[in-house]
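Take a look at the letters that make up each chain.
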Amino acid sequence: MPQSFTSIVKIGDYILKSPALSKVCVPVAQKFVNLAGYRKLGLRYNDLLSEENPTLQTALRRLPEDESYSRNYRIIRAHQQELTHHLLPRNEWVTAKDDANYLLPYILEAEAEALEKDQLDHLEIKSN
């Protein structure tokens, strides 16, 4: 079973709270993000998440209209840049400050609801 987003967030929080792990993992993660190059195409990290997951589909439906439009625009613009083999001008790159988890609260909410639904669907009633 693939990891849930909730468990990934918990692991990330644990790493950030541990000074030793944070000292090692944070620079490696920052280097990985820089080498990945998605920010140079104008994308945010949450734009890269696969939409084929039912939890993500639910989260995307709950996304506010303006944020959904911005997401689609960033994805289409990145595809266009890839087709022409160009990067965006440096002033249009996404900065670390702008690369916020705009989709994460909706994903966690949808995941919690799916877990609750699964628990209620498999509820066992014991009679005395």
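The paragraphs below set out a description of the structure included in this document. Just so it is clear, the model here is predicted, and its values are computed rather than measured.

Of the regular secondary structure elements, the protein chain holds five helices and zero strands. When the helices and strands of the protein chain are listed from N to C terminus, the series reads α-α-α-α-α. Computed over C-alpha atoms, the radius of gyration of the protein chain comes to 18 Å, more than 25% over the 14 Å expected from 2.2 N^0.38 for 128 residues, which places it beyond the range of a compact globule. The dimensions of the protein chain, computed from C-alpha atoms along their principal axes, are 70 × 40 × 25 Å. For the protein chain, the residues scored as buried account for 27% of the 128 residues in total. Considering only intrachain contacts with a sequence separation of at least 6, the fraction spanning at least 24 residues in the protein chain is 74%. On the protein chain, roughly 9900 Å² of surface is accessible, and the fraction owed to carbon and sulfur atoms is 58%. Charged side chains of the protein chain number 16 positive and 18 negative; the gap between the two group centres comes to 9 Å.

This next bit is on the side chain of Asp99. Along the polypeptide, Asp99 turns up in the loop between α4 (65–84) and α5 (104–121). Within the structure, the side chain of Asp99 is placed 2.8 Å from the backbone nitrogen of Tyr45, a separation counted as a polar contact.

Let us look at the layout of surface pockets. Considered as a void within the structure, the largest pocket measures approximately 970 Å³ in volume. Considering the residues around the largest pocket, the lining is formed by 26 residues, among which Gly12, Ala29, Val33, Tyr45 and Asn101 are closest to the centre. When contributions to the lining of the largest pocket are tallied by element, the ones reaching two or more residues are α1 (5–17), α2 (19–36) and α5. When residues of the lining of the largest pocket are assigned to their parent elements, the largest contribution, eight residues, is made by α1. Partitioned by chemical class, the residues of the lining of the largest pocket number 18 nonpolar, five polar and three charged.

So, how was this worked out
Residues numbered from 1 in each chain as written. Predicted model: local features only at pLDDT ≥ 70, side-chain atom pairs only at ≥ 80, totals over all residues. Heavy atoms only, no water. Helix = DSSP H or I, 4+ residues; strand = E, 2+ residues; numbered from the N terminus. Rg over C-alpha atoms; globule rule 2.2 N^0.38 Å. Buried < 20%, exposed > 50% of the residue type's maximum accessible area, 1.4 Å probe, protein only. Contact = heavy atoms within 4.5 Å. Areas by Shrake-Rupley, 256 points an atom, 1.4 Å probe, with all protein chains shown as cover. Lys, Arg positive; Asp, Glu negative; His and termini not counted. Charge placed at Lys NZ, Arg CZ, Asp CG, Glu CD. Polar contact = N/O pair within 3.5 Å; in protein donor to acceptor, adjacent residues only side chain to side chain. 1 Å grid on protein atoms, 1.4 Å probe; cavity = no way out; pocket = protein on both sides within 12 Å on 5 of 7 lines; lining within 4 Å. Points joined across faces, edges and corners; volume = space filled by probe spheres on them. Nonpolar A, V, L, I, M, F, W, Y, C, P; charged D, E, K, R; others polar.

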